[in-house]
Every structure is written in structure tokens, then in C-alpha cells.
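Topology and contacts: notes
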Amino acid sequence: MTDYRLFGADTSPYSLKVRAFLRYKGLAFDWISRSRDNESDFQANAQRVATVPLLVSPNRPVSQDSTAMLAALEADHPEPSAVPDDPACAVIALVLEDYGDEWLNKCMFQQRWSQSPDREAAALRVLTQLYDGKRPRAYKAQQTQIAERMAARLPLVGADVENRETLDSSWRRFALRLNAHLQDHLFIFGGRPSVADFAIAAQFQQMLLDPTPADWLQDNAPFVVAWCEHMEDPHAGGPFEELGALSATLAPLFEDELSATYLPWASANAASASRDKKRFSATLGDGIFEQSTQRYAARAFRAVRSAVAKSSDNTALQDFLATVGARKYLS
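Every chain is numbered independently, its residues counted from 1 as its sequence is written. In view of the model being predicted, local features appear only for residues whose pLDDT reaches at least 70, and side-chain atom pairs are presented and counted only at 80 or more, with totals across whole chains, interfaces and linings using the full set of residues. Excluding hydrogens and water, the side-chain values take into account all heavy atoms of the structure.

In terms of helices and strands, the protein chain carries 15 helices and five strands. Radius of gyration here is computed from C-alpha atoms only, and the compact-globule reference equals 2.2 Å multiplied by the residue count raised to the power 0.38. Whereas a compact globule of 331 residues would reach a radius of gyration of roughly 20 Å, the protein chain reaches 19 Å, a difference of no more than 12%. Contacts are residue-level and defined by heavy atoms, with any inter-residue pair within 4.5 Å sufficient. Partitioning the contacts of the protein chain with sequence separation of at least 6, the portion at a separation of at least 24 is 72%. With the model as given, the accessible surface of the protein chain reaches about 14,300 Å², and the carbon-plus-sulfur share is 50%. When charges are tallied, Lys and Arg are placed among the positive residues and Asp and Glu among the negative ones, while His and the ends of the chain are skipped. To locate a charge, the coordinates of NZ of Lys, CZ of Arg, CG of Asp or CD of Glu are taken. In the protein chain, which carries 35 positive and 42 negative side-chain charges, the distance between the mean positions of the two groups comes to 8 Å. A run of H or I in DSSP counts as a helix once it spans at least four residues, and a run of E counts as a strand once it spans at least two, with each numbered from the N terminus. Residue exposure ignores everything except the shown protein chains as possible cover, and the areas themselves are Shrake-Rupley values with a 1.4 Å probe.

Structure, rendered in C-alpha cells:
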């Protein structure tokens with residue numbers, strides 16, 4: 001048995017995020033695709049929720065939070081580094097990681113479960129995984145049940161029909177700007193991947209499994225597609241770059257996308273959680289976005305704001321955030 005055991009699923013972006021990070025760190029680990037055959041083992045290790053990923057570590061408590069997993073692995077195994085050398089970039093990477101985990105995931109979820117044939121294909125993948133990689137003979141009814149159950153969750157994550165156009169335009173806009181950035185940079189912050197790469201790539205890797213977004217990405221964002229393939233088992237190709245060398249194509253990711261969607265949404269969600277409200281609405285760049293309050297996302301955003309606050313004396317970071325319209329949401 002290796003030191004690390006990762007219970008996950010190929011249909012889970014957060015599982016792919018952690019698996020790729022373990023590979024990047026060169027750590028030996030057992031990948032355990034959650035199925036009926038290993039459910040008792042999974043439940044014996046699970047904490048309050050029965051979700052993947054679940055990481056069993058040699059010297060830390062069991063974790064089911066991908067962001068916490070990456071932070072712990074980075075602390076325990078600092079090389080090869082996933083923290084940009086430029087302190088400003090290190091903080092921006094945390095903002096982008098949260099964007100991938102909390103906003104881009106909505107876009108992925110909406111693409112997968114709100115439309116055909118994506119929904120049916122995804123349900124069959126989930127079912128096959130549960131049966132340890134083998135499609136059961138009488139699968140149609142179970143496939144339909146999975147598809148219907150996941151579609152019913154769309155409103156819970158804010159990916160219902162009222163928000164469909166906002167989410168659909170959001171991920172496509174971001175993909176185009178990221179594609180332009182990756183034409184000149186191997187990873188988001190230069191020659192090495194950061195937590196932002198792992199979080200965002202994992203969401204796009206899931207979209208590449210689904211027919212509708214996959215076709216669009218392959219036609220419109222070939223550098224993103226190539227980067228996603230590289231991020232399955234990434235290796236450093238050079239040093240990190242400083243913010244000044246990245247900002248020409250990094251800034252549009254914020255100006256045209258994060259500052260127009262994720263940041264106002266995250267700020268409004270955090271305010272709603274602090275007031276113990278059940279629902280909230282946020283005014284985004286292209287209209288009103290309404291959903292139920294997401295408390296985990298609020299806690300995650302507080303951590304991002306805290307990282308920004310600790311770098312209040314970093315002029316390069318604060319100037320960048322102000323220029324791209326992000327600072328007002330992160331203070």
C-alpha cells in the first residue's frame with residue numbers, strides 16, 4: 001500500500017484536480033475509482049458527506065476538500081513548486097482556483113445535465129463507474145434515474161434555466177481569453193502549473209467529455225484543449241513568470257470574465273451567507289443571477305479575500321486588481 005489513497009471518479013472535476021496534483025508532485029498513490037465494490041471502504045473513511053475526492057494521507061486527517069488537499073500537499077512536498085515565485089501571482093492563482101471550483105463548475109454542471117445528448121452520456125458514464133467499469137445489462141432505467149436526479153440538482157447549484165444564458169456565455173468567453181493566454185504561456189503563470197491550472201483544467205477536462213462543449217472547445221480553443229491534455233499528468237517546463245510578463249493576456253481573463261461574473265456573484269453570495277439568508281441575487285455584467293446561498297463557497301471566498309488582505313502592501317497586486325475591476329470585490 002502506498003502512503004496516499006485517493007478515492008475519486010473520472011466524472012468528478014475535483015477528483016481530477018487532486019489526482020493531477022499528486023502526479024505533478026511525483027507522489028506514489030492508489031487511485032480508487034469509487035464503485036459498489038469499494039463503497040464500504042469509502043464509507044469507513046468518509047467524514048460528514050459521501051462525496052469524492054477523499055484523500056487518505058500518512059500524516060494528516062482524511063480530507064474531502066480539494067483546495068485543502070492541494071494546500072496540504074504543497075506544504076508537505078514543496079518541490080516541484082505549484083506556488084508562483086511572484087507574490088502577486090501567487091495570490092492571483094488563489095483567486096483563479098476559486099473561480100474554477102465555484103463558478104466554472106456551475107458552467108460545467110449546466111452543460112452536462114441540462115441538455116441532450118450530454119445528460120444521457122454522462123449518466124451512463126456515472127453508472128458504468130459505479131459498476132466498476134462494466135455497464136450493467138439492464139441499464140436504461142438506472143441511466144434515466146441518474147440523469148433525472150442530477151438534472152433536479154441544477155437549481156441547487158444555480159445552473160437552472162433562468163441562469164442558462166449567463167453561464168453559457170461565461171465559460172465560452174473565459175475559454176477564448178484563456179486560449180489567447182496559453183498561446184504564449186505553457187501554463188497560466190509561465191512554465192509551471194499553479195493551483196489555478198489544476199482547478200480550471202479539471203472543469204474543462206470534464207467539458208471535453210461532454211459532446212456539446214467538447215465540440216465547441218475543439219473548434220474554438222485548441223490551446224485550451226492541448227493544455228487540458230497536458231494537465232492530466234503535468235510536468236514543469238520552465239520557471240514561473242512575473243506578473244509584468246503575463247498581464248497583457250492575463251488581465252482580460254479578469255476584465256472580461258471574472259470581474260463581470262464570478263466576483264460579483266461571490267461577493268453577493270458571501271454577503272447573503274453572513275446574513276444567514278437562504279437566497280440572493282447578484283447583478284452581473286449581463287443581468288441578474290439568482291440562486292440559493294452557497295455556504296461552502298462563501299467560506300472559500302472569505303479565504304481568498306484574506307489572502308488578498310495579507311498582501312495589501314503589494315503594489316503590483318493591488319494595481320492589477322484595481323485595473324481589471326476586481327479589487328472592489330476582494331476587499
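Where helix H1 (residues 13-24) meets helix H4 (residues 87-113), the axes come as close as 11 Å, and the angle between the chain directions of the two elements is 145 degrees. Contacts from Pro13, Tyr14 and Lys17 of H1 reach H4 at Glu97, Asp101, Asn105 and Met108. For this classification, the nonpolar set comprises Ala, Val, Leu, Ile, Met, Phe, Trp, Tyr, Cys and Pro, the charged set comprises Asp, Glu, Lys and Arg, and every other residue, Gly included, is treated as polar. In terms of residue class, the contact of H1 with H4 is built from three nonpolar, one polar and three charged. Under this scheme, a helix contributes an axis fitted over its contacting stretch, all axes are lines through C-alpha atoms, and angles between N-to-C directions fall in the 0 to 180 degree range.

Within the open sheet, the three strands sit side by side as S2-S1-S3. Their pairing is mixed. Both outer strands of the open sheet, strand S2 (29-33) and strand S3 (54-56), are each paired with one neighbouring strand and no more. Averaged over all pairs of adjacent strands, the angle between strand axes in this sheet comes to 15 degrees, irrespective of strand direction. Paired strands, as defined in this entry, are two strands with at least two bridges between them according to DSSP. By the bridge criterion, three bridges tie strand S1 (residues 4-8) to S3 in an arrangement that is antiparallel. Of the residues in S3, the one forming a bridge with Arg5 is Val56.

Buried, partly exposed and exposed residues are distinguished by accessible area as a fraction of the type maximum, computed with a 1.4 Å probe on protein chains only: under 20%, between the cut-offs, and over 50%, respectively. Burial along strand S4 (residues 279-284) is one-sided: Phe280, Ala282 and Leu284 are buried, while Arg279, Ser281 and Thr283, pointing the other way, are not. Across six bridges, S4 lies against strand S5 (residues 287-292) in antiparallel orientation. When the bridges of S5 are listed, Leu284 appears paired with Gly287. Two successive antiparallel strands, S4 and S5, enclose a turn made up of two residues.

Here we come to the nonpolar core. Taken as a class, soluble globular proteins show a tendency for nonpolar side chains to be buried jointly. Here, the term nonpolar core denotes a set of buried Ala, Val, Leu, Ile, Met, Phe, Trp, Tyr and Cys residues that are joined through side-chain atoms within 4.5 Å. Formed by 94 residues in total, the largest nonpolar core has its most connected members in Phe189, Phe204 and Trp227. If we skip the residues at most four places from it in the chain, Phe189 touches Pro84, Cys89, Ile92, Ala93, Leu96, Ser194, Ala196, Phe240, Glu241, Leu246 and Leu250. Counting residues in each nonpolar core, the second largest holds eight residues, with Ile32, Phe42, Val52 and Leu54 among its members.

Another aspect to go through is the pattern of salt bridges. One speaks of a salt bridge when a side-chain nitrogen belonging to Lys or Arg is within 4 Å of a carboxyl oxygen belonging to Asp or Glu. Tallied over the full model, the rule gives 15 salt bridges. The partner of Arg173 in a salt bridge is Glu257, with the nearest N and O atoms 2.9 Å apart. Taken together, the residues Arg173 in helix H7 (residues 164-182) and Glu257 in helix H11 (residues 243-258) connect sequence positions 84 residues apart. Arg295 is the partner of Asp276 in a salt bridge, and the nearest nitrogen-oxygen pair spans 3.1 Å. Placement of the pair is Asp276 in the loop between helix H12 (262-274) and S4 and Arg295 in helix H13 (residues 295-310), with a sequence separation of 19 residues. Look at the salt bridges and you will find they share partners, linking Lys17, Glu97 and Asp101 into a network.

No statement about biological role is implied by the geometric values presented.
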